[in-house]
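Given next are the chains, with one letter for each unit.
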Amino acid sequence: MLWLPGPTHVRPEILAEFAIPPIGHRSAAMDEILERIDPHLRLAFGLESSESGVGVSTSSATALMEAALLGVGERILCLVGGSFAKRWCNIAKTLGKDVYELPVDEGQVVNDMFLADVLDHEGPFDAITLILNETSNGTYTDPQPIVNVLQAFPDTMLLVDVVSLVAGAPIKLEESCIDFALAGVNKALALPPGASVFACSEAYVDRVRQAQRKSWYLDPIRMLDGHRERKTPTTPTIPHYRALARQLEDISAGVNLPADQRRDNAADNWQARYDVHARMSATVTQWAKKRGFEPFPNSQAISPTVACLKSGAIDPKRLVASALAAGEEIGGGYGPHKASTFRIGHMGDHTEAELTNLLAVLDECCASLV
Ligand SMILES: *Cc1c(COP(=O)(O)O)cnc(C)c1O
């Protein structure tokens, strides 16, 4: 089974959606697919009441990291505590933005006093980029303390990457005053790679609509309007839209939950899915401690969807290879942590029973390696 921190395992029912022949993207049938997607996607982003928009992009998530920055202004504060955060920072620099890079110790969350100080002395900033779930090192950042600090800086937009988090933990765009949130579909949404989703605040749309956006394909307003008006600007990845509709409906119906956890109400089934991931995270952490693998992140910042564990005396490459030989594909370390960590993506539609199985296999692998 595929336990990478993306792409992750895709259920056969979802794969089957990709075998359905294409339809015209200007057809009533396509409009219907979009109608099916929207209410559930709004739920995933915590947009139950507002008019804020959601959209789908025919691209991987990185394209939306670029799109999010296009019209927000020039002065950008990038919080950098891992490889994906660094990528966003590099994208901002590539776009010619005036970037202030704030390093955050990997595995830690940003210190809010320190952040307030930077905002005071280096600003004003037009936007902040923040990765909520740094897949490269398994670190989760609760946005709330940052949101609290930002209350004194209402003109600074909060842009968040929730790539490996959406559908794995609650995202509360409205409540957390997030202005733009983006995610690929191949992580906690458990679809094959090739599309991404986003949501944005009305304030974001108002600002960006008036600004110059130096891209046509990646213009977030063009994507948003196209989605809302059911006129996608370009030919979308129709099979992904179809599979996304199915997957979102399935999550709302609790299809992938054990029968005794399934509820009648969509919001409850989303919460039950989040609970599954939280329990899986706790299970892996417990197992890791027993095995002598220390979690890479601070204990307060352990991701609900991806475990990054220090491999100690064991060579992570050998552990990954040994698991693969036993039919389980886990992730190696990422970037600077390649030689010292390994990662288990317990995201998407993985079940707790499958995780128990995986950990038993890893136990055997560890025994054979020492
Ligand atoms: C996977 C990932 C991305 C990038 O996704 P691509 O599919 O490579 O575009 C960005 N941010 C995070 C946190 C990710 O996990």
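Provided above is the structure to which this section pertains.
Predicted model only: the values in this text are computed from it and were never measured.

Criteria and cut-off values
- Residues numbered from 1 in each chain as written.
- Predicted model: local features only at pLDDT ≥ 70, side-chain atom pairs only at ≥ 80, totals over all residues.
- Heavy atoms only, no water.
- Buried < 20%, exposed > 50% of the residue type's maximum accessible area, 1.4 Å probe, protein only.
- Helix = DSSP H or I, 4+ residues; strand = E, 2+ residues; numbered from the N terminus.
- Arc of directions from axis to C-beta.
- Polar contact = N/O pair within 3.5 Å; in protein donor to acceptor, adjacent residues only side chain to side chain.
- Pairing = 2+ DSSP bridges.
- Axes fitted to C-alpha atoms, helices over the stretch in contact; angles between N-to-C directions.
- Contact = heavy atoms within 4.5 Å.
- Salt bridge = Lys/Arg side-chain N within 4 Å of Asp/Glu carboxyl O.
- Near = heavy atom within 4 Å.
- 1 Å grid on protein atoms, 1.4 Å probe; cavity = no way out; pocket = protein on both sides within 12 Å on 5 of 7 lines; lining within 4 Å.
- Sits in = over half its atoms within 2 Å of the grid points.
- Nonpolar A, V, L, I, M, F, W, Y, C, P; charged D, E, K, R; others polar.
- Core = buried A, V, L, I, M, F, W, Y, C linked by side-chain atoms within 4.5 Å.
- Points joined across faces, edges and corners; volume = space filled by probe spheres on them.

Chemist: What exactly am I supposed to notice about helix H5 (residues 112-122) here?
Modeler: For an α-helix the count is 3.6 residues per turn, leaving residues at separations of three or four pointing the same way. Leu-115, Val-118 and Leu-119 are the residues of H5 that are buried. The arc that holds the buried residues of H5, viewed along the axis, is 100°, so those residues lie on one side. What points out from H5, more than 90 degrees from its buried face, is the exposed set Met-113, Asp-120 and His-121. With a side-chain oxygen positioned 2.8 Å from the backbone nitrogen of Met-113, the residue opening H5 is Asn-111.

Chemist: For this particular structure, what's the right way to read the sheet that holds strand S7 (residues 157-161)?
Modeler: Sheets are built from strands that pair by backbone hydrogen bonding, the pairs being arranged parallel or antiparallel. An order of S1-S9-S8-S7-S4-S2-S3 is seen for the 7 strands of this open sheet, with the pairing classed as mixed. Each having just a single partner strand, strand S1 (53-57) and strand S3 (98-103) make up the two edges of the open sheet. Each strand of the sheet is rotated relative to its neighbour by a mean of 20°, with strand direction disregarded. Taken together, the 5 bridges between strand S8 (residues 180-184) and strand S9 (residues 196-200) define a ladder with antiparallel strand orientation. Of the residues in S9, the one forming a bridge with Gly-184 is Ser-196. Packed on one face of the sheet, helix H8 (residues 220-228) meets S1, S8 and S9 and runs near 100° to S1.

Chemist: How should the sheet that holds strand S12 (residues 341-345) be read in this particular structure?
Modeler: The strand order S10-S12-S11 describes an open sheet built from 3 strands, whose pairing is antiparallel. Looking at which strands have only one partner, the edges of the open sheet turn out to be strand S10 (306-310) and strand S11 (331-332). Here 5 bridges tie S10 to S12, and the two strands are oriented antiparallel to one another. Looking across to S12, one finds that Cys-308 is bridged to Arg-343.

Chemist: Would you mind showing me how to read the pattern of salt bridges here?
Modeler: Pairing is possible between side chains that carry opposite charge, provided their charged atoms lie close to one another. Per the counting criterion, the structure on display carries 19 salt bridges. A salt bridge links Glu-249 to Arg-36, with the shortest nitrogen-to-oxygen separation between them at 2.8 Å. You can see Glu-249 sitting in helix H9 (residues 238-253) and its partner Arg-36 sitting in helix H2 (residues 28-44), a full 213 residues away along the chain. The class of Glu-249 is partly exposed, set by a relative accessible area of 26%. Under the relative-accessibility criterion, Arg-36 is labelled partly exposed at 27%. Measuring nitrogen to oxygen at the nearest pair gives 3.2 Å for the salt bridge that ties Asp-250 to Arg-246.

Chemist: I tried to follow the site of the ligand on my own but got confused; where do I start?
Modeler: Around the ligand sit Ser-60, Ala-61, Thr-62, Phe-84, Arg-87, Ile-131, Asn-133, Thr-135, Asp-161, Val-163 and Lys-187, and those are all the residues in its vicinity. In this structure, Thr-135 approaches the ligand through a side-chain N or O atom, which is 2.4 Å from an oxygen atom. Taking a 2 Å distance to the grid points as the criterion, the majority of the atoms of the ligand fall inside the largest pocket. A per-class count over the shell around the ligand returns 4 nonpolar, 4 polar and 3 charged.

Chemist: Mind showing me how you'd approach the nonpolar core here?
Modeler: One finds Phe-45, Leu-79 and Val-162 to be the most contacted residues of the largest nonpolar core, which totals 57 residues. If near-sequence neighbours (up to four positions away) are discounted, Phe-45 is found in contact with Val-54, Val-162, Val-166, Ile-171, Lys-172, Leu-173, Ala-181, Val-197, Phe-198 and Ala-199. Residues Met-65, Ala-68, Ile-76 and Phe-180 belong to the second largest nonpolar core, which totals 35 residues.

Chemist: It is not clear to me how the layout of surface pockets should be interpreted in this structure. Could you clarify?
Modeler: The rolling of a water-molecule-sized probe over the atoms marks out the regions of remaining empty space. Taken as a whole, the largest pocket encloses approximately 330 Å³ of empty space. In terms of lining residues, the largest pocket is bounded by 21 residues, among which Phe-84, Arg-87, Val-163, Asn-186 and Lys-187 are the most central. No other element matches the 3 residues that helix H3 (residues 61-69) contributes to the lining of the largest pocket. Looking at the lining of the largest pocket, its residues break down into 8 nonpolar, 9 polar and 4 charged. Approximately 250 Å³ is the volume found for the second largest pocket.

Chemist: Would you mind going over the pairing of S9 with me for this structure?
Modeler: On a regular strand, each side chain points to the face opposite its neighbour's, so the side chains alternate between the two faces of the sheet. Where burial is concerned, most of S9 is hidden: 5 out of the 5 residues are buried. Residues of S9 alternate between two faces, with Ser-196, Phe-198 and Cys-200 on one and Val-197 and Ala-199 on the opposite face, all of them buried.

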